[in-house]
Each structure stands twice: as structure tokens, then as C-alpha cells.
Amino acid sequence: MLQAYREDSYFEGEGTRGAGGTRGAGYSSYRAQETTLRATFRRFLAEMARRGMTGGRLLEVGSAYGYFLDEARPYFERRVGTEYSPAAAARAAQVADAVHLGGLAEIPAGELFDCAAVIHVAEHIYRPVEFVVEVLERLRPGGWVILACPDMGSFWRRLAGRRWPFFKIPEHVTYFTNASMRRLLDAAGCEHVQALPYSSFFTGGLIGEKLGVAVPAWLRERPLWLPAITVACAGRKPE
């Protein structure tokens with residue numbers, strides 16, 4: 001999978017097929033989702049700001065094309081990302097202060113952050129507790145780690161059954177509910193663990209693509225806000 005993440009086709013390619021005919025590794029086009037992703041990130045960042053989780057230095061783990069880092073510009077003084085794909089990292093570097101090619105190990109020793117955003121990444125991790133501990137090591141005392149993943153406990157997952165689009169094998173290996181994500185942050189040593197609302201913005205056409213169903217022409221460009229697609233939680237590094 002690390003090799004797949006490094007390939008340009010991960011973000012702009014057909015990918016493999018997963019259970020029930022859903023898309024496996026990668027995206028048909030991440031660039032085509034820019035408008036909906038940016039709208040989602042703007043709303044989520046506003047919620048983070050309302051809770052006092054913004055300001056200072058931001059790290060995004062798995063920054064893709066840098067849409068979140070770019071939308072975070074009004075909220076943070078410095079914005080840094082990590083990304084395995086050279087092509088994606090190059091795009092993200094155009095809108096961020098720095099993007100490191102690879103994972104957390106590529107961040108210079110001693111560089112600490114006030115907030116780390118890990119959005120649709122933890123579901124790719126085999127040892128999530130160890131991973132969150134490593135993220136916390138990159139935070140200053142009192143810094144926030146923000147996790148957001150597909151919501152395994154949502155009614156959308158129960159409604160879609162085997163066609164749930166986040167059953168992406170072998171890409172997604174760990175699945176979270178609100179309760180299990182809270183337990184993850186607790187096990188990693190976080191304090192003040194709390195759930196965050198995360199609504200996702202989609203067009204009707206994108207929903208049809210993810211579910212593998214035909215969508216009427218009048219619905220393809222219709223913007224829709226959907227709750228409970230993603231579960232998000234935050235935890236604070238002890239002072």
C-alpha cells in the first residue's frame with residue numbers, strides 16, 4: 001500500500017475494486033472533488049476555531065493536494081503537511097509553508113505543533129494507538145490532535161451494507177465509531193477527549209459514484225450536506 005500511495009494514479013486513476021463492487025485503493029479523481037472537499041474543510045475548521053483548537057502551528061498528516069492546509073490559512077500562523085505521493089506533495093507545497101515527502105519521521109527533529117489534523121488517514125493504519133502516540137510526540141504540551149475517519153457506526157453504513165464505499169480493501173484496515181475513536185485517543189494518552197461534528201459536502205453525482213449507482217441528470221450537480229459520513233474526535237496532549 002505504501003507503494004500505491006506514492007503513485008500518481010492513487011489520486012488520479014481508476015484504482016482497484018473493493019467488496020460489493022465499491023472502489024478499492026485510490027480515487028477516480030481527487031482533483032474533481034476540490035470544491036466539495038474545500039467546503040467540507042471550511043465548515044470543519046470553523047468548528048475547530050469555535051472550540052479553541054486553532055492558532056499557532058498546524059501539522060496535517062496525509063495532506064494530499066493541500067486543500068485542508070490552504071483553507072486553514074486564516075486559522076494558523078504556519079501550516080505544514082506530510083504526504084507520500086510526490087505529485088500530491090508538490091501540489092500541496094504550493095499552498096502550504098512546508099510539505100514533507102513521506103510520513104511523520106520526515107519532520108525535522110524538534111519541530112513541534114499546536115494542532116495535528118489527521119483526516120481520513122487513521123483508517124489506513126494497522127497500529128493506530130502507536131500512530132497517535134507518534135503524532136502526539138510532534139505536538140507541544142496542550143496541543144490538539146484531530147482525528148476524522150469514515151463512520152463505521154453511521155446509519156449510512158447500515159443502509160449501504162456491503163456497498164458502503166469505505167470498505168476499500170486492502171486500503172482501509174481499521175474502522176471506527178465515535179466510541180472506539182474516543183477509546184483510541186484515551187489509550188494514546190490524550191486528555192479532554194471530545195467528539196466534533198463533521199458534515200460532508202457532496203454533489204449528487206459524487207454520491208452516485210461512491211455507491212456505484214446511476215444518478216438522474218438533475219441530481220448530478222446538486223450540492224448536498226450529509227451528516228454522519230465521517231466521525232471526528234479531538235484529544236489534547238497533557239500539559
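For the structure itself, consult the block above.
All figures in this text were calculated on a predicted structure; none of them were measured in a lab. (Residues numbered from 1 in each chain as written. Predicted model: local features only at pLDDT ≥ 70, side-chain atom pairs only at ≥ 80, totals over all residues. Heavy atoms only, no water.)

Caption draft 1: Quick look at the side chain of His100. One can find His100 in strand E3 (residues 98-101). With relative accessibility at 16%, the residue His100 sits in the buried group. Those residues in contact with His100 that sit more than four places away from it in its chain are Val80, Gly81, Thr82, Glu83, Glu106, Ile107, Pro108 and Glu111. (Helix = DSSP H or I, 4+ residues; strand = E, 2+ residues; numbered from the N terminus. Buried < 20%, exposed > 50% of the residue type's maximum accessible area, 1.4 Å probe, protein only. Contact = heavy atoms within 4.5 Å.)

Caption draft 2: Broad picture of the packing of aromatic side chains. The final tally for this structure, using the stated rule, is 18 aromatic pairs. Taking 5.8 Å as the distance between ring centres and 90° as the angle between the ring planes, the aromatic pair formed by Tyr10 and Tyr27 counts as edge-to-face. A residue pair is termed long-range when its members are at least 10 positions apart, and Tyr10 in the loop between helix H1 (2-6) and helix H2 (34-50) and Tyr27 in the loop between H1 and H2 qualify at 17 residues. Ring geometry for Phe11 against Tyr27: centres 5.8 Å apart, planes inclined by 5°, an arrangement best described as stacked. Here the residue Phe11 occupies a position in the loop between H1 and H2, and Tyr27 occupies one in the loop between H1 and H2, the gap between them amounting to 16 residues. The structure contains a cluster of three or more aromatic residues connected by ring pairs, namely Tyr5, Tyr10, Phe11, Tyr27, Tyr30, Tyr65 and Tyr67. Arg91 extends its terminal NZ or CZ atom over the ring of Tyr65, reaching a point 4.3 Å from the ring centre. Just above the ring of Tyr27 sits the side chain of Lys168; from NZ or CZ to the centre is 5.0 Å. (Phe/Tyr/Trp six-rings, centres within 6.5 Å; stacked < 30°, edge-to-face > 60°. Lys NZ or Arg CZ within 6 Å of the ring centre and 35° of its normal.)

Caption draft 3: Summary view of the nonpolar core. Counting residues in hydrophobic clusters, the biggest one holds 34 residues, and the most contacted among them are Phe11, Tyr30, Phe44, Met48, Leu58, Phe68 and Ile146. For this core, the secondary structure elements donating two or more residues are H2, helix H3 (67-71), helix H4 (86-93), strand E4 (113-119), strand E5 (139-150) and strand E9 (230-236). A per-element tally of this core places H2 first, with five residues. With 29 residues, the next largest nonpolar core counts Ala116, Val135, Leu136 and Cys233 among its residues. (Core = buried A, V, L, I, M, F, W, Y, C linked by side-chain atoms within 4.5 Å.)

Caption draft 4: Geometry of the environment of Arg236. Of note, Arg236 is situated in strand E9. Arg236 sits in the partly exposed class, given a relative accessible area of 26%. Distance in space between the C-alpha atoms of Arg236 and Arg140 is 9.9 Å, their sequence separation being 96 residues. In this view, Arg236 contacts Gly142, Gly143, Trp144, Cys190, Glu191 and His192; residues no more than four positions away in its chain are not counted. Side-chain polar atoms of Arg236 contact the backbone oxygen of Gly142, separated by 2.7 Å. (Polar contact = N/O pair within 3.5 Å; in protein donor to acceptor, adjacent residues only side chain to side chain.)

Caption draft 5: Broad picture of the sheet that holds E9. Across the sheet, seven strands lie side by side as E3-E2-E1-E4-E5-E9-E6; this open sheet has mixed pairing. Of all the strands in the sheet, just E3 and strand E6 (191-196) have a single pairing partner and so form its edges. For this sheet the average axis-to-axis angle between neighbouring strands, irrespective of direction, equals 15°. Pairing of E6 with E9, which is carried by four bridges, proceeds in the antiparallel orientation. Each residue of the ladder has a partner; that of Ala195, found in E9, is Cys233. (Pairing = 2+ DSSP bridges. Axes fitted to C-alpha atoms, helices over the stretch in contact; angles between N-to-C directions.)

Caption draft 6: Region of the structure containing unusual backbone geometry. Following Ile169, the chain continues into Pro170 via a peptide bond in cis, with omega recorded as 5°. Residue position: Pro170 is located in the loop between helix H6 (155-160) and helix H7 (178-187). Phi is positive for Ala64, close to 50°, though the residue is something other than glycine. The phi dihedral of Ala228 falls on the positive side, at around 65°, and the residue is not glycine. Note on placement: Ala228 falls in the loop between strand E8 (223-226) and E9.

Caption draft 7: Just the packing of helix H5 (residues 128-136) against H7, in detail. Between H5 and H7, the least distance of the axes is 9 Å, while the angle of their chain directions is 55°. If you check the angle between H5 and H7, you find them oblique. Considering only the axes of H5 and H7, their crossing is right-handed. Taking contact as the criterion, the partners of Pro128, Val129 and Val132 in H5 are, on H7, Leu184, Leu185 and Ala187. Here the contact of H5 with H7 is composed, by residue class, of six nonpolar, no polar and no charged. (Parallel < 35°, antiparallel > 145°, perpendicular 65-115°, else oblique. Left-handed = near helix turned anticlockwise from the far one by under 90°. Nonpolar A, V, L, I, M, F, W, Y, C, P; charged D, E, K, R; others polar.)

Caption draft 8: Fine view of the environment of Ile125. Relative to the helices and strands, Ile125 resides in the loop between E4 and H5. In this structure, Ile125 is in contact with Phe131, Val173 and Thr174, ignoring residues within four places of it in sequence.

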